[in-house]
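Coordinates in review
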Amino acid sequence: MSNCIFCKIVAGEIPAQVVYEDERAVAFRDINAQAPTHVLVIPRAHVASLAEASERGERELLGHVLDAAARVAAQEGLREGGYRTVINTGAGAGQSVFHLHAHVLGGRPLSWPPG
Ligand code: 5GP
Ligand code: ZN
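Residues numbered from 1 in each chain as written. Chains lettered and ligands numbered in written order. Predicted model: local features only at pLDDT ≥ 70, side-chain atom pairs only at ≥ 80, totals over all residues. Heavy atoms only, no water.

Points about the overall build of the protein
Secondary structure summary: the protein contains three helices and five strands in total. The order of helices and strands in the protein, counted from the N terminus, is α-β-β-β-α-α-β-β. Taken over C-alpha atoms, the radius of gyration comes to 13 Å for the protein, in line with the 13 Å a tight globule of 115 residues would show. Principal-axis analysis of the C-alpha atoms places the extent of the protein at approximately 35 × 30 × 25 Å. For the protein, with 115 residues in total, the buried portion stands at 38%. Within the protein, contacts between residues separated by at least 24 positions form 55% of all contacts whose residues are at least 6 apart in sequence. Accessible area for the protein stands at about 6700 Å²; split by element, carbon and sulfur atoms hold 51% of it. Treating the 10 positive side-chain charges of the protein as one cloud and the 12 negative ones as another, the clouds have centres 4 Å apart. (Helix = DSSP H or I, 4+ residues; strand = E, 2+ residues; numbered from the N terminus. Rg over C-alpha atoms; globule rule 2.2 N^0.38 Å. Buried < 20%, exposed > 50% of the residue type's maximum accessible area, 1.4 Å probe, protein only. Contact = heavy atoms within 4.5 Å. Areas by Shrake-Rupley, 256 points an atom, 1.4 Å probe, with all protein chains shown as cover. Lys, Arg positive; Asp, Glu negative; His and termini not counted. Charge placed at Lys NZ, Arg CZ, Asp CG, Glu CD.)

Shown next as structure tokens:
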């Protein structure tokens with residue numbers, strides 16, 4: 001997708017602090033971190049949201065992104081203290097970039113319920 005900011009990060013056209021990458025996923029630090037560790041895990045392939053991925057039958061991709069999120073959390077040292085993995089779906093739920101991404105947040109106490 002030519003006008004998608006996360007596709008541009010995947011393509012290296014926009015700089016990002018990449019912390020993990022594999023054949024299907026890339027993870028980089030959120031530009032507006034909400035916790036001491038705040039990483040976004042995205043598929044290399046453009047898909048707008050969790051809803052769209054599911055509708056397209058992208059089960060393997062979704063599993064891959066979630067597994068990558070756990071790998072990133074471990075790599076970031078969050079395994080022991082715990083972390084939160086968030087996928088906002090739709091503008092009403094706070095999604096502002098329409099390329100699927102899982103937030104990985106940790107490094108501070110996280111309250112529940114989220115806002
Ligand atoms: P959403 O609100 O869609 O769940 O999350 C989008 C996230 O992307 C936000 O937390 C925002 O700070 C982050 N973000 C938006 N643009 C950029 C960017 O150009 N670079 C990086 N690293 N993060 C971005
Ligand atoms: Zn994209």
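A closer look at the coordination of the zinc ion (ligand 2)
Coordination sphere of the zinc ion (ligand 2), protein contribution only: Cys4 (SG), Cys7 (SG), His46 (ND1) and His99 (ND1), at 2.1 to 2.3 Å. In this structure, the zinc ion (ligand 2) is surrounded by four donor atoms whose angles at the metal cover 106 to 117°, and the resulting shape is tetrahedral. Donor residues for the zinc ion (ligand 2), ordered by position in the chain, follow C-x2-C-x38-H-x52-H. Of this pair, Cys4 sits in the segment before helix 1 (5-10) while His99 sits in the loop between strand 4 (83-86) and strand 5 (102-106), and the two are 95 residues apart along the sequence. A single burial state applies to Cys4 and to His99, both of which are buried. (Donors = N, O, S within 2.8 Å, 3.2 Å for Na, K, Ca; no water. Tetrahedral: all angles 85-135°; square planar, octahedral: opposite > 155°, others 65-115°.)

Quick word on the packing of aromatic side chains
A complete count under the given rule lists one aromatic pair for this structure. The interplanar angle of 80° and the centroid separation of 5.3 Å between the aromatic rings of Phe6 and Phe28 together place this pair among those described as edge-to-face. Placement of the pair is Phe6 in helix 1 and Phe28 in strand 2 (residues 25-29), with a sequence separation of 22 residues. For Phe6, a relative accessible area of 7% puts it in the buried group. Residue Phe28 is classed as buried on the basis of its relative accessible area of 3%. (Phe/Tyr/Trp six-rings, centres within 6.5 Å; stacked < 30°, edge-to-face > 60°.)

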